[in-house]
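Here is what each chain is made of, one letter per residue.
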Amino acid sequence: MKTLITIADAGLRELFWQELTLNKLSSFSEVDFITLNEKFTSEDLSERIGSYDACITSWGSPRFTPEVLARAERLKFIGHGAGSVASIVKEDVFDTSIAVTSANKVLALSTAECACSLMFAGAWDLAGYSNRLKEGQWSNNNRDTILGVTRRVIGLVGYGEISKQVIRMLQPFNTRILLHSSYCTQEEAAAQGVELCGLNELFERSDIVSLHNTWTPRTQGMIGAEQLRLLRDGVLFINTARGPIVKEEALLEELSKGRIHAALDVYDIEPMPVDHKLQAMPNVLCLPHIGGFHGILKRELCDFIVDELHRFVKGEDLLGKVTLDQYRRLTPW
């Protein structure tokens, strides 16, 4: 069989295609790369795809347009060495016999760890204490307390691979987890040890709220003034999902009162302007969208896809297979 790797960026090539991963793929497939650091478009892909059985993609890879699919006579496998496949395929790919898979399970573990890190950093006010120490202020043992995570009520909005990992990571801390999701059944919630509830109820009851939705027309702006006003004083609000899920002006308004805290990795506009109002707020911890940056896990994205392709060749089930139903829940841009 023959595999085309449509990753032109030198940094990604060096990160993903280390010797062991490339040797693994070469052991059962011929391998071709597109030219390093050269623009490779969908038109270019349509010219080359006809002689390949598999294609491995990642950030920056061209989309499989109808023209590409029409010329992909041998193609049976598309493996995306990243998270959402919405940037490379549309629904029409599911009308073909091509299997589509992604390394979302790997990337989700990284983002889940980031979300939990923000929970602890925010709940312990690590940025605040560090800044005050630099200004010469010491802690006051007779007065100071922090929110903490142990035995707190944590509300998760959205249920997918990231939420599942967050639930697992929080198990040692005896938390009570509330979940708002249209896709989690009562039976699965019981198996996970979480409590399903409405969105507003989750905001009313939680000590920490963490967002894990995909960004779609349905979820855009779903968190607004109504929900944010329900948060009790001292609550920590976390977003590692997408910025536009939250109405930013409503979040700024509530944060400006100083009664809640936030730890954020995503924003309406990215890169975030240095003079953005959130940057100046002492009750907000801002990070530059680093949720997928775990070094070991990021390096393993294409290694996971190579293993997926090997499973496919052997007729085994794919661990990261994307179905049409799953695709329709993805962020479409």
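Each value, and the rule that gives it
Residues numbered from 1 in each chain as written. Predicted model: local features only at pLDDT ≥ 70, side-chain atom pairs only at ≥ 80, totals over all residues. Heavy atoms only, no water. Helix = DSSP H or I, 4+ residues; strand = E, 2+ residues; numbered from the N terminus. Rg over C-alpha atoms; globule rule 2.2 N^0.38 Å. Buried < 20%, exposed > 50% of the residue type's maximum accessible area, 1.4 Å probe, protein only. Contact = heavy atoms within 4.5 Å. Areas by Shrake-Rupley, 256 points an atom, 1.4 Å probe, with all protein chains shown as cover. Pairing = 2+ DSSP bridges. Right-handed = clockwise from strand over helix to strand, strands pointing away. Axes fitted to C-alpha atoms, helices over the stretch in contact; angles between N-to-C directions. Salt bridge = Lys/Arg side-chain N within 4 Å of Asp/Glu carboxyl O.

A. Seen up close, the overall build of the protein chain. When helices and strands are tallied, the protein chain shows 14 helices and 12 strands. The C-alpha radius of gyration computed for the protein chain amounts to 22 Å, which stays within 12% of the reference 20 Å derived for 333 residues, consistent with globular compactness. Overall, the protein chain is about 70 × 45 × 35 Å in size when its C-alpha atoms are taken along their principal axes. Relative to its full complement of 333 residues, the protein chain shows a buried share of 49%. Summarising the internal contacts of the protein chain: among those between residues at least 6 apart in sequence, 66% fall at separations of at least 24. For the protein chain, the exposed surface amounts to about 16500 Å²; the carbon and sulfur share of it is 50%.

B. How the structure looks around the pairing of strand β4 (residues 77–80). The side-chain alternation of β4 yields two buried faces, one formed by Phe77 and Gly79 and the other by Ile78 and His80. Pairing analysis gives four bridges linking strand β3 (residues 54–57) to β4, with the strands arranged parallel. Opposite Ile56, over in β4, you have Gly79 as the bridge partner. Between β3 and its parallel partner β4, the chain crosses via helix α4 (residues 66–71), and the hand of that crossover is right-handed.

C. Structural context of the sheet that holds strand β2 (residues 30–33). Read across the sheet, five strands follow the order β2-β1-β3-β4-β5 without closing on themselves; strand pairing throughout is parallel. Of all strands in the sheet, those bounded by a partner on one side alone are β2 and β5 (99–102). Between one strand axis and the next, the sheet turns through 20° on average, direction left out of account.

D. Here's a closer look at the pattern of salt bridges. Tallied over the full model, the rule gives 18 salt bridges. Its salt-bridge partner being Asp125, residue Arg132 comes within 2.7 Å of it at the nearest N-O pair. You can call Asp125 partly exposed: its relative accessible area is 23%. A salt bridge links Glu254 to Lys257, with the shortest nitrogen-to-oxygen separation between them at 3.3 Å. Under the relative-accessibility criterion, Glu254 is labelled buried at 3%. On the accessibility criterion, Lys257 (46% relative accessible area) is partly exposed. Connected through salt bridges with shared partners, the residues Arg176, Glu195, Glu201 and Arg205 form a single ionic network.

E. Region of interest: the environment of Ile88. Relative to the elements of secondary structure, Ile88 occurs in the loop between β4 and β5. Residue Ile88 is classed as buried on the basis of its relative accessible area, which comes to 0%. Each C-alpha atom of the pair Ile88 and Trp59 lies 9.0 Å from the other, and the pair is 29 residues apart in sequence.

F. Expanded view of the sheet that holds strand β11 (residues 261–264). With parallel pairing, the seven strands of this open sheet are ordered in space as β8-β7-β6-β9-β10-β11-β12. Looking at the sheet topology across the chains shown, the edges are occupied by β8 (195–196) and β12 (284–286). In this structure, β11 lies alongside β12, joined through three bridges in parallel fashion. Each residue of the ladder has a partner; that of Leu264, found in β12, is Cys286.

Fair warning: the whole summary comes from geometry, so function is off the table for now.
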